[in-house]
Amino acid sequence: APPPLICLVSLFGGKSYTFNVAYGVGKAGIDRLSTDMSYQLKRYNVATTTLYPGLVRTEANLQMVEDGTWDEASGNLDLDQGESPEFSGRALVRLASLSKDDMMSRSGNVEVVAELAKEFDFTDIDGSRPASIRSLKYLAPNFIFPQIEKEAGKPVPSWMRDNVPDLLLPWSVFSSGP
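None of these values were measured; they are calculated from a predicted model.

A closer look at the packing of aromatic side chains
The description of two aromatic rings rests on the distance between their centres and on the angle between their planes.
1) Next: With the rule as written, the count across this model stands at 6 aromatic pairs.
2) Next: Here the aromatic rings of Tyr 52 and Trp 171 are separated by 5.8 Å at their centres, their planes lie at 90 degrees, and the arrangement is edge-to-face. On the criterion of sequence distance, the pair formed by Tyr 52 in strand β2 (residues 47–52) and Trp 171 in the segment after α8 (158–161) is long-range, its members being 119 residues apart.
3) Next: Given the relative accessible area of 0%, Tyr 52 is considered buried.
4) Next: One aromatic cluster is present, formed by Phe 12, Tyr 52, Trp 171 and Phe 174 through successive ring pairs.
5) Next: The ring centre of Trp 171 lies 5.2 Å from the NZ or CZ of Lys 15, which sits over that ring.

Below you can see the structure in the form of structure tokens.
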């Protein structure tokens, strides 16, 4: 049987400056808690993990859309492209079903939900498989293209927008400031 698994949920702010100091320090603390627990709990065969969902269609976020505050708060991210809360649940189910050796070898890791979906071949409740928060497929349309369009004063060509590769950037790319 697989060992017990303690799962914490954090976000990208644990790796890169996001919103403000308190937010980033809180997320980094969650990440560190999972890592440090993995060392201390290993002898008891208890695994830990930190899940990084992407943009999630939580009740609070959906309420912000309804209230008209989402665009300003999120920087105009398209919540329709977000993950359901169930997507993270599906990731956790896959992790919890790993063998003891596999689970313990991953213990203390940060696991991106969308990357687990590719690895374990599952989808969100609508059948989609959102791109990882560190994939060009996610980053380009949400951050890079809007900046290009703002500076150039014209839209990014569709041939470029429609052909962004699902290439993961290394975590080190995100370790600097804003």
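So much for the structure itself; the text now carries on.
Some remarks on the confidence of the model for the chain
1) Next: Per-residue confidence for the chain gives a mean pLDDT of 93; residues scoring 70 or more make up 98%.
2) Next: At the level of individual helices and strands, the chain shows its lowest average pLDDT in helix α3 (residues 70–74), which scores 89, and its highest in helix α6 (residues 113–120), which scores 98.

A closer look at the layout of surface pockets
1) Next: Looking at the largest pocket, its volume works out to about 960 Å³.
2) Next: Residue lining of the largest pocket: 30 residues in total, with Phe 12, Thr 18, Phe 19, Leu 77 and Phe 143 positioned closest to the centre.
3) Next: At the level of elements, α2 (59–67), α3 and α7 (136–152) are the ones that each hand at least two residues to the lining of the largest pocket.
4) Next: Element by element, the count of residues in the lining of the largest pocket is highest for α7, at 4 residues.
5) Next: Looking at the lining of the largest pocket, its residues break down into 19 nonpolar, 11 polar and no charged.
6) Next: Quantified by volume, the second largest pocket comes out at close to 430 Å³.

Definitions and limits used
- Residues numbered from 1 in each chain as written.
- Predicted model: local features only at pLDDT ≥ 70, side-chain atom pairs only at ≥ 80, totals over all residues.
- Heavy atoms only, no water.
- Phe/Tyr/Trp six-rings, centres within 6.5 Å; stacked < 30°, edge-to-face > 60°.
- Helix = DSSP H or I, 4+ residues; strand = E, 2+ residues; numbered from the N terminus.
- Buried < 20%, exposed > 50% of the residue type's maximum accessible area, 1.4 Å probe, protein only.
- Lys NZ or Arg CZ within 6 Å of the ring centre and 35° of its normal.
- pLDDT = per-residue confidence, 0-100.
- 1 Å grid on protein atoms, 1.4 Å probe; cavity = no way out; pocket = protein on both sides within 12 Å on 5 of 7 lines; lining within 4 Å.
- Points joined across faces, edges and corners; volume = space filled by probe spheres on them.
- Nonpolar A, V, L, I, M, F, W, Y, C, P; charged D, E, K, R; others polar.

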